[in-house]
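# Structural description and commentary
Spelled out, the chains give:
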Amino acid sequence: CIKGEKRTEEKKDDKNYHLTERSYGTFQRRFALPDGLDLDKVKAKFDKGVLAIELPKTAESRKKVTKIKIDK
C-alpha cells in the first residue's frame, strides 16, 4: 500500500488585488504483488516527484522461462 499527500499553493499580487489559492489531497494505491519476489531486497527511491520501486525476483523464479508463440 502506498500513501501520500499532495499540496500546492499559488500566490499572486497585483496593485488591485491579492490572490492565494491552496489545494491539497491525500491518495492511496494498493497493489497485489506476484509470487516469487525477494521481499528482503525491495528498494524504493523518490526523486523529482517520481517514486521508483525495485522488486527483485528470487533465484528460483528467475530460472523459470516461459515461451510464448506469436502468431503473424
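Notes on the structure in this doc start here. Note that this is a predicted model, so its numbers are computed, not measured. (Residues numbered from 1 in each chain as written. Predicted model: local features only at pLDDT ≥ 70, side-chain atom pairs only at ≥ 80, totals over all residues. Heavy atoms only, no water.)

## A short note on the overall build of the protein
Within the protein, the regular secondary structure consists of one helix and four strands. Reading the secondary structure of the protein in the N-to-C direction produces β-β-β-β-α. Expected size for 72 residues packed as a compact globule is a radius of gyration near 11 Å; at 22 Å, the protein overshoots this value by more than 25%. With respect to the three principal axes, the spread of C-alpha positions in the protein is 70 × 40 × 20 Å. The proportion of buried residues among the 72 residues of the protein is 6%. Long-range pairs, those at least 24 residues apart, make up 20% of the contacts in the protein between residues at least 6 apart in sequence. Taken as a whole, the protein presents about 7,700 Å² of accessible surface, with 50% of it coming from carbon and sulfur. One finds the centroid of the 20 positive side-chain charges in the protein at a distance of 6 Å from the centroid of its 13 negative side-chain charges. (Helix = DSSP H or I, 4+ residues; strand = E, 2+ residues; numbered from the N terminus. Rg over C-alpha atoms; globule rule 2.2 N^0.38 Å. Buried < 20%, exposed > 50% of the residue type's maximum accessible area, 1.4 Å probe, protein only. Contact = heavy atoms within 4.5 Å. Areas by Shrake-Rupley, 256 points an atom, 1.4 Å probe, with all protein chains shown as cover. Lys, Arg positive; Asp, Glu negative; His and termini not counted. Charge placed at Lys NZ, Arg CZ, Asp CG, Glu CD.)

## Things to note about the environment of Pro-56
Of note, Pro-56 is situated in the loop between strand E4 (50–54) and helix H1 (59–63). Here Pro-56 falls in the buried class, since its relative accessible area comes to 19%. Remark: the alpha-carbon pair of Pro-56 and Lys-41, spanning 15 residues in sequence, is separated by 6.7 Å. Setting aside residues no more than four positions away along its own chain, Pro-56 makes contact with Leu-37, Asp-38, Lys-41 and Val-42.

## Side note on the pairing of strand E3 (residues 43–47)
When a strand is regular, its side chains alternate between the sheet's two faces. With zero of five residues buried, E3 lies mostly on the surface of the structure. In this structure, E3 lies alongside E4, joined through five bridges in antiparallel fashion. In the sheet register, Asp-47 faces E4, and the bridge partner there is Val-50. (Pairing = 2+ DSSP bridges.)

## Quick notes on the pairing of strand E1 (residues 2–13)
Of the strand pairs in this sheet, E1 and strand E2 (residues 18–29) are connected by 12 bridges, and their pairing is antiparallel. Bridge pairing in E2 places Ile-2 opposite Arg-29. Linking two consecutive strands that pair antiparallel, namely E1 and E2, is a turn of four residues.

## Details of the side chain of Ser-61
Within the secondary structure, Ser-61 sits in helix H1. Side-chain polar atoms of Ser-61 contact the backbone oxygen of Gly-36, separated by 3.0 Å. (Polar contact = N/O pair within 3.5 Å; in protein donor to acceptor, adjacent residues only side chain to side chain.)

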